[in-house]
Amino acid sequence: MSDHLKDLIQKKVISQKLSDNQFDTLMTLKEGVRQACHQAQRRDQEIEGQTDGSGDKGRALMNQFALRWRRAVAASVALFAVIGGTFMIQQYQKPLRHVSQLSEQAGVVEAISQEVAKNHIKMKPLEVRSSKLSEVQRYFTMLDFSPIESTLRFADQAHALLGARYCSIRGVTAAQLRYQAGSGLSTLYEVPYDAALFGDLPNIDRGDEPIQSYSKGVSVKIWVEKGLLLVSAQNVD
Amino acid sequence: MKDKDAVFNRTLLDRLYQYACVLTKEPHEAYDLLQASLEKYLKLSEKERTLSIKNAEAFIKKIIRNHFIDTLRSSHAHLLELYDEHAMSDLECRDLESVVIDRIHLESIWNQLEFQAREILYYWAVMGNTAAEIATILDVPRGTVLSRLHRIKKRLQERSGAKDPKERDHRGGIKGGIQ
């Protein structure tokens, strides 16, 4: 069911609303901060009054110091209460978040698989042709990492490096290495691993197994190795 | 305190939450972002408020945006801009008006777009702003908004694989507007 892009975005965005609990929490936050502001204002006024009235500057300064000290203690108590409250809410929401994280993780893997499979099928021209990794590494001057030769072989086939080109995964600039693997071609995508962006993925340096998935008839493996996110793509025989 | 209190109505808070959702894509993160930003806003002194706040909603959106970018700074990848970021383009918001797309495609593209692109789509589709107005709101040159629009259009094309939109009309995906 197709619709105008504008209408769909409107529907999508406007459907997101605060829950009653969230709204109530924000109202509580407002009251808390407002009361704290009022108290601070009252204290300032008290200090000003004392300073003007007594004429004793030394005593006024002492009072000012004492009031500031009390305010700091009150602020610390309030901060502690907020942190404690937040911690309790987080504990309560943890199971729900876990489910949400799992589904988000599956979405990330699916998105990476689709993007890599699409790039693999396109087989855009190589920007550097070499069978030596060192030459390929020298080519990638715009990357803030050095492409590696993975210890994971493509389906145990003998493979030979053909060359490489720039590409991207999820908007992050990446290196694409192309191999002759058996009678077909394999591509290996490398990008710095960022857990915040890609989620928790299997790390073969820790002995984890790569994630295997299929997209558009392409076999895709995803894993982390030596601090890089590696994604291999190969046609299914 | 009158202006500060005016922010705390359901409609406006929902709008601010929706904006936070556009930036973060994740409801829990959006709520945390909104809460932190409102706290920052409420702690402003009367003087600061009078000097800087003409439109509370726009002002809080700016706080939300700055706070969001601050949290992203550690991960520079999110802020990477493609090489044609400042390339000029003659694409205008109205060129997107006729784009037709299905919900599944939109969800897929939405999740892959950088937050800057989602933000532009938000101001265009939800707030009804023009490219020039979006440029003023986001404090970027109009050319940058236009080139981001151009990139969004390219993404839509790539995602649908449509070279000739008329050919795709009977298969769903994207049609119209994309040339």
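Residues numbered from 1 in each chain as written. Chains lettered and ligands numbered in written order. Predicted model: local features only at pLDDT ≥ 70, side-chain atom pairs only at ≥ 80, totals over all residues. Heavy atoms only, no water.

Draft legend 1. Spotlight on unusual backbone geometry. Phi at A:Lys226 takes a positive value of approximately 50 degrees, unusual for a residue other than glycine. Looking at the secondary structure, you find A:Lys226 in the loop between strand S7 (218-225) and strand S8 (228-235). In this structure, B:Asp139 is a non-glycine residue whose phi angle is positive, near 60 degrees. For B:Asp139, the position within the fold is in the loop between helix H9 (131-138) and helix H10 (142-160). We classify B:Asp139 as exposed; its relative accessible area is 66%. (Helix = DSSP H or I, 4+ residues; strand = E, 2+ residues; numbered from the N terminus. Buried < 20%, exposed > 50% of the residue type's maximum accessible area, 1.4 Å probe, protein only.)

Draft legend 2. Focus on the environment of B:Leu146. Tracing the backbone through its elements, the reader meets B:Leu146 in helix H10. Relative accessible area serves as the criterion here: at 4%, B:Leu146 is assigned to the buried category.

Draft legend 3. Broad picture of the confidence of the model for chain B. Residue and element names in this part refer to chain B. With 66% of its residues at a pLDDT of 70 or more, chain B shows a mean pLDDT of 74. Looking over chain B, one finds the lowest element-wise mean pLDDT in helix H11 (residues 165-168), namely 44, and the highest in helix H2 (residues 10-24), namely 93. Here residues 77-90 scores under 50 on pLDDT; set against residues more than four positions off or in separate chains, the count is 33 contacts. Below pLDDT 50 for its whole length, residues 161-179 participates in 38 contacts with residues either more than four positions away or in separate chains. Model confidence for the complex is summarised by a pTM of 0.47, with the ipTM given as 0.77. (pLDDT = per-residue confidence, 0-100. Contact = heavy atoms within 4.5 Å.)

Draft legend 4. Region of interest: the pairing of strand S5 (residues 184-192) of chain A. Residue and element names in this part refer to chain A. Here 7 bridges tie strand S4 (residues 172-181) to S5, and the two strands are oriented antiparallel to one another. Bridge pairing in S5 places Arg 178 opposite Thr 187. Where S4 folds back onto S5 in an antiparallel hairpin, the turn is made up of 2 residues, including Gly 182, whose phi is positive at roughly 65 degrees. Two elements, S5 and S8, share 7 bridges in a ladder whose sense is antiparallel. Among the inter-strand pairings, Tyr 189 is bridged to a residue of S8, identified as Val 231. (Pairing = 2+ DSSP bridges.)

Draft legend 5. How the structure looks around the environment of B:Thr144. Residues and elements named next belong to chain B. The residue Thr 144 is located in helix H10 in this model. Here Thr 144 falls in the buried class, since its relative accessible area comes to 3%. Along the chain, Thr 144 and Ala 131 lie 13 residues apart, while their C-alpha atoms are 9.6 Å from each other.

Draft legend 6. Here's a closer look at the sheet that holds S4(A). Reading across the sheet, the 7 strands line up as S2-S3-S4-S5-S8-S7-S6 (chain A) and stay open at both edges, with antiparallel pairing between neighbours. Looking at strand neighbours, the two that pair on one side only are strand S2 (128-129) and strand S6 (211-215) of chain A, the edges of this open sheet.

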